[in-house]
Amino acid sequence: MVNDLVQFVIVVGMATVLVAVCGAWLARVLTSPGHVLPERMTYGLMGVDPGEAMSWKRYGMALLFSNGAMMLLGYGLLRIQGLLPFDSLERAAQTADLAFNTAASFITNTNWQSYSGESSLSNFSQMAVITFLMMVSAATGVAACAGFIRGLGRKSARDIGNYWVDFTRVTYRVLMPICLVVALIYVWQGMPQTLNAEAVADTLEGPAQHLLMGPVASLEAIKHVGTNGGGFFGMNAAHPYENPTPLTNTIHMLCMLLIPSALTYCFGTMLLRRRQGWAFFAAFLVMFLGFLAVVYSAEQQGNPLLAALGVDQQDSVLQSGGNMEGKETRFGIAQTSLFVTVTTAATTGSVDAMHDSLTPLGGLVPIAQMMLNDVFGGDGVGFINLITFAILTVFLVGMMIGRTPEFLGKKIEAREMKLVMLAVLAHPFSILGFTALAVLWPGSQDSLANVGPHGFSEILYAYTSGTANNGSAFAGLNANTPFFNTTIGLAMLIGRYFTLLPMLAVAGSLAAKKTVPEGPGTLPTATPMFTILLVFVVLVVGGLTFLPALALGPIVEHLLMLAGHLF
Amino acid sequence: MSSLNDRSSAPLEDLDNPLPARTSMSWPTVTVEAFRKLSPRVQWKNPVMFVVYLGSIVTSLLWVQALTGEGEAPTGFIFAIAIWLWFTVLFANAAEAMAEGRGKAQAAALRAARKRVFAKQLSEPRHDASWKPVPSDEIRTGMVVLVEAGDIVPADGEVIDGAASVDESAITGESAPVIRESGGDFSAVTGGTKVLSDWIVVRITANPGEAFLDRMIAMVEGAKRGKTPNEVALTILLVALTLIFLLVCVTLMPFSMFSAALNGESQIVSVTVLIALLVCLIPTTIGALLSAVGIAGMSRMMQANVLATSGRAIEAAGDVDVLLLDKTGTITLGTREAAAFLPAAGVDERARVDAAQLASLADETPEGRSIVVLAKQRYGLRGRDLAGSHPVPFSAHTRMSGVDIGTRQIRKGASDAIRQFVEGQSGRFPEDVTRMVTAIASRGGTPLVVAENERILGVIELKDIVKGGIKDRFADLRRMGIKTVMITGDNRLTAAALAAGAGVDDVLAEATPEDKLTLIRRYQADGRLVAMTGDGTNDAPALAQADVAVAMNSGTQAAKEAGNMVDLDSNPTKLLQVVEVGKQMIMTRGALTTFSVANDLAKYFAIIPAAFVATYPPLAALNIMGLHSPTSAVLSAVIFNALIIVALVPLALKGVRYRAEPAQKLLSRNLLIYGVGGVIAPFAGIKLIDLVLSPFL
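The rules behind each value
- Residues numbered from 1 in each chain as written.
- Chains lettered and ligands numbered in written order.
- Predicted model: local features only at pLDDT ≥ 70, side-chain atom pairs only at ≥ 80, totals over all residues.
- Heavy atoms only, no water.
- Contact = heavy atoms within 4.5 Å.
- Buried area = accessible area lost by both parts, 1.4 Å probe.
- Salt bridge = Lys/Arg side-chain N within 4 Å of Asp/Glu carboxyl O.
- Polar contact = N/O pair within 3.5 Å; in protein donor to acceptor, adjacent residues only side chain to side chain.
- Helix = DSSP H or I, 4+ residues; strand = E, 2+ residues; numbered from the N terminus.
- 1 Å grid on protein atoms, 1.4 Å probe; cavity = no way out; pocket = protein on both sides within 12 Å on 5 of 7 lines; lining within 4 Å.
- Points joined across faces, edges and corners; volume = space filled by probe spheres on them.
- Nonpolar A, V, L, I, M, F, W, Y, C, P; charged D, E, K, R; others polar.
- Buried < 20%, exposed > 50% of the residue type's maximum accessible area, 1.4 Å probe, protein only.
- Pairing = 2+ DSSP bridges.
- Axes fitted to C-alpha atoms, helices over the stretch in contact; angles between N-to-C directions.
- Left-handed = near helix turned anticlockwise from the far one by under 90°.
- Core = buried A, V, L, I, M, F, W, Y, C linked by side-chain atoms within 4.5 Å.
- pLDDT = per-residue confidence, 0-100.
- Parallel < 35°, antiparallel > 145°, perpendicular 65-115°, else oblique.
- Disulfide = S-S within 2.5 Å.

Draft legend 1. View of the interface of chain B and chain A. With 65 residues of chain B at the interface, the matching set in chain A holds 60 residues. Of the roughly 5400 Å² buried between chain B and chain A, counting both surfaces, carbon and sulfur atoms make up 79%. When the area that chain B buries against chain A is broken down by residue, the three leading residues are F255, F258 and L262 of chain B, summing to 13%. Applying the counting rule to chain B against chain A returns 2 salt bridges. Counting across the chain B and chain A interface gives 9 residue pairs in polar contact (both at pLDDT 80 or more). Going through the elements one at a time, α7 (229-263), α10 (311-319), α16 (470-479), α18 (513-525), α21 (574-612) and α23 (663-693) of chain B are the ones with two or more residues in the side of chain B that touches chain A.

Draft legend 2. Fine view of the environment of G471 of chain A. Residues and elements named next belong to chain A. Along the chain, the position of G471 falls in the loop between α16 (452-467) and α17 (482-511). Linking G471 and F106, residues 365 residues apart in sequence, is a C-alpha distance of 9.3 Å. Sequence-distant contacts of G471, defined by excluding residues within four places in its chain, comprise T110, N111, W112, G349 and S465.

Draft legend 3. Main features of empty space enclosed by the protein. Residues and elements named next belong to chain A. Overall, the coordinates contain 10 cavities of 30 Å³ or more when judged by the stated rule. Its boundaries defined by the atoms lining it, the largest cavity holds a volume of some 180 Å³. Taken together, 17 residues make up the lining of the largest cavity; nearest its centre are M371, L372, F389, V424 and H427. Of all the secondary-structure elements, those providing two or more residues to the lining of the largest cavity are α13 (360-372), α14 (381-398), α15 (414-440) and α18 (528-562). Looking at the lining of the largest cavity element by element, the count peaks at 5 residues for α18. Taken together, the residues of the lining of the largest cavity sort by class into 10 nonpolar, 7 polar and no charged.

Draft legend 4. Quick look at unusual backbone geometry. Residue and element names in this part refer to chain A. Positioned with a positive phi, T227 is a non-glycine residue whose angle comes to about 45°. Relative to the helices and strands, T227 is located in the loop between α8 (216-225) and α9 (246-270). Owing to a relative accessible area of 0%, T227 belongs among the buried residues under this scheme. Not every positive phi belongs to a glycine, and N373 is a case in point at roughly 65°. Judged by its relative accessible area of 8%, N373 is buried.

Draft legend 5. A look at the layout of surface pockets. Its boundaries defined by the atoms lining it, the largest pocket holds a volume of some 980 Å³. Lining of the largest pocket is provided by 41 residues; of these, F536, L539, V540 and G543 of chain A together with L601 of chain B occupy positions nearest its centre. Looking at the lining of the largest pocket, the elements that each hand over two or more residues are α10 (274-301), α13, α14 and α18 of chain A together with α21 and α23 of chain B. A per-element tally of the lining of the largest pocket places α18 of chain A first, with 16 residues.

Draft legend 6. Inspection of the sheet that holds strand β9 (residues 322-326) of chain B at higher detail. Residue and element names in this part refer to chain B. What the 7 strands build is an open sheet, ordered β8-β20-β19-β18-β9-β16-β17; its pairing is mixed. Each having just a single partner strand, β8 (306-308) and β17 (506-508) make up the two edges of the open sheet. Across the sheet, the mean angle separating the axes of adjacent strands is 20° when strand polarity is ignored. In terms of strand pairing, β9 meets strand β18 (residues 530-534) through 3 bridges, oriented parallel. The partner of L323 across the bridge, within β18, is A531.

Draft legend 7. Just the packing of α21 of chain B against α23 of chain B, in detail. All names here are of chain B. Closest axis-to-axis distance for the α21/α23 pair is 8 Å, and the angle between their directions is 35°. For α21 against α23, the interelement crossing comes out right-handed. Here α21 contributes M587, A591, T594, F595, A598, N599, L601, A602, K603, F605 and A606 to the contact with α23, which in turn contributes L666, N670, Y674, G675, G677, G678, V679, A681, P682, F683 and I686. Among the residues making up the contact of α21 with α23, the classes are represented as 15 nonpolar, 6 polar and 1 charged.

Draft legend 8. Quick peek at the nonpolar core. Residues and elements named next belong to chain B. Counting residues in each nonpolar core, the largest one holds 324 residues, and the members touching the most others are L323 and M565. If near-sequence neighbours (up to four positions away) are discounted, M565 is found in contact with M301, V306, L307, A308, A313, I314, A317, V548, A549, V550, A551 and V578. Counting residues in each nonpolar core, the second largest holds 36 residues, with I371, F421, M436 and A451 among its members.

Draft legend 9. Structural context of the confidence of the model for chain A. Looking at chain A, pLDDT values average 91 and 100% of them are 70 or higher. Put simply, helix α5 (residues 117-120) of chain A is where chain A has its lowest mean pLDDT, 75, and helix α7 (residues 163-189) of chain A is where it has its highest, 96.

Draft legend 10. Main features of the packing of helix α3 (residues 47-70) of chain B against helix α9 (residues 284-303) of chain B. Residues and elements named next belong to chain B. At their nearest, the axes of α3 and α9 sit 8 Å apart, and the two run at 120° to each other. Taken together, the axis directions place α3 and α9 in an arrangement best described as oblique. Seen from above, α3 lies across α9 with left-handed handedness. Contacts from V48, M49 and V52 of α3 reach α9 at T284, G287 and A288. Class assignment for the residues of the contact of α3 with α9 results in 4 nonpolar, 2 polar and no charged.

Draft legend 11. Layout of the state of the cysteines. Using the criterion set out here, one finds 0 disulfides over all chains in the structure. The thiol of C145 of chain A is unpaired, and the distance to the nearest cysteine sulfur, on C266 of chain A, comes to 7.1 Å. A relative accessible area of 0% places C145 of chain A in the buried class. Cysteine C249 of chain B is unpaired, with the sulfur of C280 of chain B as its nearest cysteine sulfur at 9.4 Å. Residue class for C249 of chain B comes out buried when judged on its relative accessible area of 4%.

Following this line, the structure appears as structure tokens:
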């Protein structure tokens, strides 16, 4: 117990220190006036003007069209994989629906995998499609957030920066250097980084054993730094090549939290509102710790039915105890619970245990965090989502001080509310709408591994993971069917762009407004009280939206388990 | 600006006791109105309540279906839900009708003033020109009419000749007549008012139906009430919440079917229960009361005798950060009072006071009287007979007043006027008197120099009287984060001293209309909202620029046109109350919204277990209120949802109590009452209703 808590404190403590370091660096990158040589060459090559001041529309269009082009490229490469040379294992091309799902998944930073990496992707595809899209989708998210923050900070301005500059700088000055360092540490810890497709070992019994490998370390670095989560192998971070040691497990978690949390500090620095930045970080952290406590206690408690049979599930020197089904013994309850919470908070989707095998309440946490989508959240988008709810909070309670609501000195009026509510609505519409469609779709029950509420949870989890751009799977659901591939692919695109673009519009609209000076009469937003309110509004709005669905899934499953019924 | 008019000396205390609501609607009328508003065209305007309306229709149809024996749920249950959903709609209608009712009563009183009268249309714009009678509804802009004693002013207009005392009680409720005269700031007359004495020639400035009175009637009736910006934004939020809950409830049907299938059960959730859940979840409380809050805000403004030309103006009043206040009438009483007699060097004190008193005995202005009073109190000088003397009244030309007794010419006036007077008689203006004059000015006083023939006797110090209680008001405003700026024509020294005494934050001295306009623009460029009052034509540009501009009813037509509110009492201090009403309106909206959303938690705990307990019996564990049965749980939640609207009508109409406190404090208090209270109240309420219902089920 104490051991476990110490592990939590170490990870959270290190993450907090990194917030200030990485946040300060991000703010410098996003505000520095000069362009370095590789950037100038890139602008020249792409024929873009780095001096252009872009309105939110132009910024959003640049984001949308460049993402569209890169998704198309990924889709094309996956479709012709079978024709490309140098794959000694000659893996076949993906089908149309699977390639659409994969391309949508990686361009939206989701990394939902309807395929198993080692058996269906060549090393070239792993690098040119997967690792490439992992990098650019993360850069897209951070760049969008940069434009967003700039919009919040400006007054009577028409532009929110230059998308190409933000995108290029984030890639060159933030993601690539961090990934290089992290990848080297991974290699040191024993991850493969090779262009060979496999190592063949002769076993004692005679038959040859094929150990598939490839450029794993480089993929793992951006997979976590970019809050992507798509594994090189089907087993993801539970595979020893992807996660060889407790140290890599810890670095994975720190990398996932790095940019989403640092953006709060970056925001505080860019707007000269440091307190506000920390207040937002506190909101993230409070929710995170609450969810961690739920998973940890549920998993450590173990299964009451096993306890009734006299199975020893106690934490002791010899075992970590608790519910160990689907978990790696080398990580135990603490490292697994923490990983589960981090990966679904920061919407990465990398897994070091099977989420399907979590206890009902433990399984509720990942799904709930993805439903909220703003407990740290993905690179860039997590912060944007939090601000969406901050604006909603200001509007809901701000009127009670007798003024029309203001956020950061900007009046929140009909236009902003329209866009904010569009972003808030897109999320449940995609999750609940597609889940409803899936349960009505003939034959979808055949994809389920389980009956009862757990079967329902599997479908709900899939669309939640897709819409939240998380990508982790509950497993148990065979999602590689044309129906699931297409609908989950659409859910990922809706979840990404229908929240990003409206919020960029909000930033553009707020940038154009005057700033009302703050005083005793305005609503203070950098206070503990506002942070608590913000968390409360996130939980209440999310809770009210998803509670009925959760009641039919994990909640009733938990109650049934207590009644002695498992699924 | 009219500085020395008596109207501005209304005591501050009056503000806290606005006129009571004139009348309110009777219950039968409210009921009839509530049913009349069931028309789809009315309902469509309120999206949240429209959903409830549709829900009522659908459940009613389901009930009819159940009567034929093919119901999806017990007939009695569907019937009860349908009835209570209709009640919910009717309660919302009644709340709006009650709010409108207050306005209607005020409008009826105003309409009585708009009688059809005959006007005397002059053939030429002269008093003695010939005239012919024209009915008031045929009067058009630009016509010139004669209004004599006993006549009703036929339409809004500008006095171009003559002066008359006018009874404006029909509009202001104030029985004392006011003077209306050509030229200057008191030249506007309002249709429906009555001339009591003398005559005036009026050029009409408004066509029938567009006059001030008509606009007032339309406003208070709510006929022309457009949604305010904040109301629009709030409606968007409410619509979005409604859409989310609609989605939640619609998808629950397939979820329920799927769960039942996976579980090998056959019973799924009924449409009636889903509609009940939907209605309970969508923000009906604020949805039902939103327009009532807006109308009530307007109506509270009317009770304060302030007419807003739009709800937008009232809302802006809540957001105001800077108040521009005219010194005279707002911060100080209109009059000044003698505070001291300062002797010039070598002058006997008694002689000087004597002269000052003599100069003022015939002076009927408040300042003059205060000099006589001071002379009596301080020096025991009584009034005396002034036989053989000639009072010299104040004239704008000489800027002095006084008295001639034989060869003694006693004068008092502004220092430069007196300087001219004595130097004209080869007298001398002593250095020490100049110093005294400056000293008085720097203390915030007004110096009046007294002279007899060529000799300066001394200086009377007149002091502005700061209104009682105004300093506390400004302190309140500062705590609320509102900055006060005093506007005055006085010189900087006087202004600064007075500003310090009154406790305003800033001061604009030697203000010209251009200065005011520049100041407003500067504050607005900083993102602040500015409120001001004004009455003169020269105030019009500043009034038009300000975000909240309260024109005095006694002021000119131009001022009234430029402002977005008119204060019928012509009391500049009213601005403070205007801000409070604005804040109160927004606070009420926020409180009801928070309460409405907070309520949902308890409703989930009532309905979700009730709806799915057939599929999953263990869900009964969520029934933490221990409600009697699924039927009574759903019904109790629906009934609570309907009754809470009724319970909150008084709050919507009266408004949340306003206190002058910093935002943080206000927020904590209101969060505790409406947020925490909103979470707890329905748990208690639903349980209570369940206890009452369960014996009957």
